[in-house]
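Letter by letter, the chains look like this.
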Amino acid sequence: MIENQWKSGTAAIFMTLAVLGAITLPQFTNATALAQTPSVQPQCTEADIKQHIQQLNKGESTDIKLLVACDSKAVPALIKALDENKDENFNIITIAVLGDIGASAAPAVPVLNGLLKDTRQNIPIVVVYALGQIIGKDAVKPLIQALKDKNEDVRSSAANALGQIGKDAVSALIIALKDPDSNIRAGAANALGQIGANAKDAVPYLNTARIDRNGKVRSAITNALKEIKIAMNAVEDVKRYNSRENLVCRGFRLPGEPQTHCQDSYTLGQETVLYLKKKPPVMCKNPVIKAVLRWKCS
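Keep in mind that this is a model prediction, so the values were computed, not measured. (Residues numbered from 1 in each chain as written. Predicted model: local features only at pLDDT ≥ 70, side-chain atom pairs only at ≥ 80, totals over all residues. Heavy atoms only, no water.)

1. Structural notes on the overall build of the protein
Helix and strand counts for the protein come out as 18 helices and zero strands. A burial count over the protein gives 46% of its 298 residues as buried. For the protein, long-range pairs separated by at least 24 residues make up 66% of all intrachain contacts whose partners lie at least 6 apart in sequence. Summing over all exposed atoms, the protein offers an accessible surface of approximately 15900 Å²; the carbon and sulfur share of this is 51%. (Helix = DSSP H or I, 4+ residues; strand = E, 2+ residues; numbered from the N terminus. Buried < 20%, exposed > 50% of the residue type's maximum accessible area, 1.4 Å probe, protein only. Contact = heavy atoms within 4.5 Å. Areas by Shrake-Rupley, 256 points an atom, 1.4 Å probe, with all protein chains shown as cover.)

What follows is the structure in structure tokens.
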């Protein structure tokens, strides 16, 4: 019983720190896909994949989960479906599924890059999300360019995708703070704020950029500095919460370890709790996308 308590406590530590970005764990690199993968191995024959793709417009989570679980096997058929079926809702779902498949969907990148210029305003929003999920740091350059898109939702989604890429995007975002385009400067600041504690190296550059001539950029920088500070404080808060001493106070003991009596155990601050709450992708703020991607935006 005690050993199980300790294992549960240790798992909680790693999961919390991974959420904060304080550590990097290989098993969390495609958390979305893992969370959506069914416990039963799916049948990934060509016929099964085709059938699931045909059902995508219904937005049923079962078909979506099974396609994500089929991983690279589903990618060629999804790319073909994007080319053949131009229904906007179907395209939104298909692109999001490719994003959830992650790195294995890399063959779809050229097609997705082309869709960044799609005239249907909701498509590029989902594309920048998917690119961030699929190609990680290699997506930084096209996503930074997407920060100057005329569609505000595309810009916000690009900043969100860069934030998801995390530390690998920081250097490019620091450079982008000096871009002539104010939308790119504001988007870069927003992305750095979303990266949080792993963007601490950007703080001096953000402080220098606070005198930007554009009010929207200054506001984004102020918010980014605030978000990074909250994230850094949250990392320290979680470390204290999961310290050896506090774990013992909370009842998590090593096998055979005597009980330690504490007056009170340390609890996480409210600001940290709010920071740790999972937020849906920023693209879900778009009512059309939210309605279509119900499984992701709920």
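2. Concerning the packing of helix 10 (residues 152-165) against helix 12 (residues 182-195)
Closest axis-to-axis distance for the helix 10/helix 12 pair is 8 Å, and the angle between their directions is 40°. As far as their axial angle goes, helix 12 and helix 10 are oblique. The two elements helix 10 and helix 12 meet at a crossing, and its hand is right-handed. Within the contact between the two elements, helix 10 uses Arg-155, Ala-159, Asn-160, Leu-162 and Gly-163 and helix 12 uses Asn-183, Gly-187, Asn-190, Ala-191, Gln-194 and Ile-195. Each residue belonging to the contact of helix 10 with helix 12 can be placed in one class, and the counts come to four nonpolar, six polar and one charged. (Axes fitted to C-alpha atoms, helices over the stretch in contact; angles between N-to-C directions. Parallel < 35°, antiparallel > 145°, perpendicular 65-115°, else oblique. Left-handed = near helix turned anticlockwise from the far one by under 90°. Nonpolar A, V, L, I, M, F, W, Y, C, P; charged D, E, K, R; others polar.)

3. So, the state of the cysteines
On inspection of all chains with the given rule, the structure shows one disulfide. What pairs with Cys-44 in a disulfide is Cys-70, and their sulfur atoms sit 2.1 Å apart. On the sign convention where negative is left-handed, the bridge of Cys-44 and Cys-70, at about -95° about the S-S bond, is left-handed. Within this pair, whereas Cys-44 is found in the loop between helix 2 (31-36) and helix 3 (46-54), its partner Cys-70 is found in helix 4 (residues 61-70), the two being separated by 26 residues in sequence. Given a relative accessible area of 19%, Cys-44 falls into the buried group. What makes Cys-70 buried here is its relative accessible area of 3%. (Disulfide = S-S within 2.5 Å.)

4. Section: helix 8 (residues 123-135)
Three- or four-residue spacings in an α-helix give side chains the same orientation, since the helix completes a turn every 3.6 residues. Taking 1.5 Å per residue as the helical rise, helix 8 with its 13 residues ought to reach 18 Å, and the 18 Å between its terminal C-alpha atoms agrees with that figure. Burial within helix 8 is extensive, with 12 of its 13 residues counted as buried. Within helix 8, the full set of buried residues consists of Ile-123, Pro-124, Ile-125, Val-126, Val-127, Val-128, Tyr-129, Ala-130, Leu-131, Gly-132, Ile-134 and Ile-135. On the buried face of helix 8, the contacting elements are helix 6 (88-101), helix 7 (109-115), helix 9 (140-146), helix 10, helix 17 (287-292) and helix 18 (294-297). Positive phi appears at Gly-136, one or two residues downstream of helix 8, with a value of about 50°. (Expected span 1.5 Å × (residues − 1).)

5. Notes on the layout of surface pockets
Of the volumes computed, that of the second largest pocket is approximately 370 Å³. What lines the second largest pocket is a set of 14 residues, and nearest its centre among them are Lys-50, Ile-53, Ala-77, Lys-80 and Ala-81. Among the elements of the structure, helix 3 and helix 5 (75-84) are those that each provide at least two residues to the lining of the second largest pocket. The element that contributes the greatest number of residues to the lining of the second largest pocket is helix 3, accounting for six residues. Partitioned by chemical class, the residues of the lining of the second largest pocket number six nonpolar, three polar and five charged. (1 Å grid on protein atoms, 1.4 Å probe; cavity = no way out; pocket = protein on both sides within 12 Å on 5 of 7 lines; lining within 4 Å. Points joined across faces, edges and corners; volume = space filled by probe spheres on them.)

6. A word on the nonpolar core
Within the largest apolar cluster, 80 residues are counted, with the highest numbers of intra-cluster contacts made by Leu-162, Leu-206 and Leu-293. Looking at this core, the element that brings in the most residues is helix 8, giving 10 residues. Ignoring any residue separated from it by four or fewer positions in sequence, one finds Leu-206 in contact with Leu-177, Ala-189, Leu-192, Ile-221, Ala-224, Leu-225 and Ile-228. (Core = buried A, V, L, I, M, F, W, Y, C linked by side-chain atoms within 4.5 Å.)

7. Things to note about the pattern of salt bridges
Proximity of charged atoms lets side chains of opposite charge pair with each other. In total, this model carries two salt bridges according to the counting rule given. Between Asp-118 and Arg-120 there is a salt bridge; the shortest N-O distance is 2.9 Å. For Arg-120, a relative accessible area of 21% gives the class partly exposed. Among the salt bridges present, the one from Asp-212 reaches Arg-185, with a minimum N-O distance of 2.7 Å. Taken together, the positions of Asp-212 in the loop between helix 13 (203-208) and helix 14 (215-241) and Arg-185 in helix 12 put the pair 27 residues apart, joining distant regions of the chain. (Salt bridge = Lys/Arg side-chain N within 4 Å of Asp/Glu carboxyl O.)

8. Brief notes about the side chain of Arg-155
With respect to the secondary-structure elements, Arg-155 resides in helix 10. Buried charge without a salt bridge: Arg-155, with Glu-152 as the nearest opposite-charge side chain at an N-O distance of 4.6 Å. A polar side-chain atom of Arg-155 sits 2.7 Å from the main-chain carbonyl oxygen of Asp-149. Those residues within four positions of Arg-155 in sequence are excluded, and the remaining contacts are Ala-146, Leu-147, Lys-148, Asp-149, Lys-150, Asn-183 and Lys-216. (Lys, Arg positive; Asp, Glu negative; His and termini not counted. Polar contact = N/O pair within 3.5 Å; in protein donor to acceptor, adjacent residues only side chain to side chain.)

9. Describing helix 6
Compared with the 20 Å implied by 1.5 Å per residue over 14 residues, the 20 Å span of helix 6 between its first and last C-alpha is a close match. With 12 of its 14 residues buried, helix 6 lies for the most part within the structure. Capping the start of helix 6, Asp-87 holds a side-chain oxygen 3.3 Å from the backbone nitrogen of Asn-89, two or three residues further along. Looking one or two places after helix 6, you find Gly-102, whose phi comes out positive at around 85°.

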